[in-house]
Structure formats: C-alpha cells, structure tokens
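What follows is the residue order along each chain.
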Amino acid sequence: MKPTAQRDWRVHRPSRRSRVSFDQTTALGGLTVALFAYIVYHFVYPLISKGLLW
C-alpha cells in the first residue's frame with residue numbers, strides 16, 4: 001500500500017471576533033430547547049390555563 005498522509009477536515013483557525021464557540025452540539029441543544037418551548041407554549045400552556053390538566 002502506498003503511504004498517504006491522514007487528512008483532517010476540521011478547521012483549526014480560531015476566530016478573533018467571538019469568544020463563544022458555536023458548534024454542532026450547541027446548535028442541536030438550541031433546537032431542542034426551542035422545540036420544547038414551542039410544545040409547552042402551544043399545547044401544554046393552553047390546557048393549564050383552561051384548567052384541563054390541574
């Protein structure tokens with residue numbers, strides 16, 4: 001087999017503009033929180049306000 005260098009596709013350039021790292025885990029967590037808030041606001045809160053759950 002021919003020896004080849006391992007390619008690393010990740011970018012290792014730190015951005016100087018922002019100190020907060022926004023990666024895939026942060027995006028997925030934000031989407032999860034947004035979906036949970038949407039479900040609570042549109043489905044659970046109206047049931048509580050009408051007195052159907054408690």
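Quick look at the structure, then. Remember, it's a predicted structure, so these values are computed and weren't measured experimentally.

## Describing the overall build of the protein
Piece 1. When helices and strands are tallied, the protein shows one helix and zero strands.
Piece 2. Evaluated residue by residue, the protein yields a buried proportion of 0% over its 54 residues.
Piece 3. Accessible surface, the protein as shown: approximately 6,200 Å² in total, 62% of it carbon and sulfur.

## With respect to a nonpolar patch on the surface
Piece 1. Taken together, Leu35, Phe36, Tyr38, Ile39, Val40, Phe43, Val44, Leu47, Ile48, Leu52 and Leu53 make up a surface patch of nonpolar side chains, about 1,000 Å² in accessible area.
Piece 2. Among the secondary structure elements, Leu52 is positioned in the segment after helix H1 (24–49).
Piece 3. For Leu52, a relative accessible area of 59% translates into the label exposed.

## Re the packing of aromatic side chains
Where two aromatic rings form a pair, the distance of their centres and the angle of their planes describe that pair.
Piece 1. Counting across every chain of the model gives one aromatic pair.
Piece 2. Their ring planes at 80° and their centres at 6.4 Å tell us that Tyr38 and Phe43 sit as a pair that is edge-to-face.

## Details of H1
Piece 1. Taking 1.5 Å of rise per residue, the 26 residues of H1 would be expected to cover 38 Å, and the 36 Å separating its terminal C-alpha atoms lies within 8% of that figure.
Piece 2. Of all bends in H1, the biggest is about 35°, found at Val40.

Cut-off values and rules
Residues numbered from 1 in each chain as written. Predicted model: local features only at pLDDT ≥ 70, side-chain atom pairs only at ≥ 80, totals over all residues. Heavy atoms only, no water. Helix = DSSP H or I, 4+ residues; strand = E, 2+ residues; numbered from the N terminus. Buried < 20%, exposed > 50% of the residue type's maximum accessible area, 1.4 Å probe, protein only. Areas by Shrake-Rupley, 256 points an atom, 1.4 Å probe, with all protein chains shown as cover. Patch = residues over 30% accessible without salt bridge, like charges linked within 9 Å, V, L, I, M, F, W, Y side chains within 5 Å. Salt bridge = Lys/Arg side-chain N within 4 Å of Asp/Glu carboxyl O. Phe/Tyr/Trp six-rings, centres within 6.5 Å; stacked < 30°, edge-to-face > 60°. Expected span 1.5 Å × (residues − 1). Bend = angle between axes of the 7 residues up to and from the residue.

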